[in-house]
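Read off the chains here:
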Amino acid sequence: MDWPIAEVARMSGVTARTLRHHDEVGLLPPARIGANGHRYYEEQQLLRLQQILVLRALGVGLPEVGRILAEQVDEVDALRGHHRRLLAERDRLDALAGTVSRTIAELEHSRKDGNPITINRPENLFEGIQPSQYQESLHDFPEHAEEVARTVAAMTPQDIEAGQRERTTQMILLADLMAAGHPADAAPVQAQIDSQYQAMTELRPVTAEEYRAVGRSCVDNDAWRAAYEAIAPGLAAYQRDAIKAYATTRLS
């Protein structure tokens, strides 16, 4: 039995355009091409597509996905390896969700008392966060990634922790605005986005189009989307829309 590309796209959630690209780069050739020019896929190709999607969900880039698939011999052994990585990622995300939950509680408590936030155990802010992940997620922005790497190399561990704490707080504040029903282009939201933009431009100038691309990556980049969605469902798209509005009204 085989399935046409449109059906495979429907089943997998991958666009037909992406499937055609996978074929063009040799990552996922179809089982056959019909007389009508359409691509058709059999079970073997569906299994390979599953592996591609699993690896992509784990943050593996397409070139590395191709290398992994080319080197593997036994499909069951490969799936066992993917399964182990998924379980490890699940545990990391569980830890990250717990980290964010504790930070929310700390912030809410400080607001209720009207006192500055006091973190009882600062190390808890970073459980489940791997410092290298932020830089790895910038692969679509090589110039900015280079500046981040240079900046981080000159920072003390205390400075790095302070920066991570600030980013987490910004994401939580944005989630609060979203939960309160503020549209992405509302003034309080745009004030938060302006703060984020100013922090980016301390490293290097960022154009309107670059900032829009950063916004899109909040949804398109697996690592970024997972971080936002761990705080609040829909936050990744909310951040993207807020950045788009900011770039249009403030930077264009």
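You'll find the structure just up there.
1. A few points about the overall build of the chain
Helix and strand content of the chain: 12 helices and three strands. When the 252 residues of the chain are sorted by exposure, 35% land in the buried category. The contacts in the chain between residues at least 6 apart in sequence include a share of 60% that link residues at least 24 apart.

2. What to know about the pattern of salt bridges
This structure, assessed with the given rule, holds eight salt bridges. Across the pair arginine 10 and glutamate 7 runs a salt bridge, and its minimum N-O distance is 2.6 Å. Note that arginine 10 and glutamate 7 are positioned in helix 1 (residues 5-12) at a spacing of three residues, about one turn of the helix. With a shortest N-O distance of 3.0 Å, aspartate 241 and arginine 240 are connected by a salt bridge. Accessibility expressed as a relative area gives 34% for aspartate 241, which makes it partly exposed. Linked through salt bridges whose partners overlap, the residues forming this network are Glu209, Arg212 and Arg216.

3. Topic: the packing of aromatic side chains
Taken as a whole, this structure holds three aromatic pairs when the rule is applied. With a centroid separation of 5.5 Å and an interplanar angle of 50 degrees, the aromatic rings of tyrosine 197 and tyrosine 246 are classed as tilted. Here tyrosine 246 lies in helix 12 (residues 235-251) and tyrosine 197 lies in helix 9 (residues 187-201), a separation of 49 residues in the sequence. A relative accessible area of 10% means that tyrosine 197 is categorised as buried. Looking at tyrosine 246, the relative accessible area reads 2%, which means it is buried. Between tyrosine 211 and tyrosine 246, the ring centres sit 5.9 Å apart and the planes meet at 80 degrees, which makes this aromatic pair edge-to-face. Of this pair, tyrosine 211 sits in helix 10 (residues 208-220) while tyrosine 246 sits in helix 12, and the two are 35 residues apart along the sequence. Exposure remark for tyrosine 211: the relative accessible area of 1% places this residue in the buried category. Here the aromatic residues Tyr197, Tyr211 and Tyr246 are joined through ring pairs into a cluster of three or more. In this structure, arginine 32 packs its charged tip against the face of tyrosine 40, placed 4.2 Å from the ring centre.

What counts and what doesn't
- Residues numbered from 1 in each chain as written.
- Predicted model: local features only at pLDDT ≥ 70, side-chain atom pairs only at ≥ 80, totals over all residues.
- Heavy atoms only, no water.
- Helix = DSSP H or I, 4+ residues; strand = E, 2+ residues; numbered from the N terminus.
- Buried < 20%, exposed > 50% of the residue type's maximum accessible area, 1.4 Å probe, protein only.
- Contact = heavy atoms within 4.5 Å.
- Salt bridge = Lys/Arg side-chain N within 4 Å of Asp/Glu carboxyl O.
- Phe/Tyr/Trp six-rings, centres within 6.5 Å; stacked < 30°, edge-to-face > 60°.
- Lys NZ or Arg CZ within 6 Å of the ring centre and 35° of its normal.

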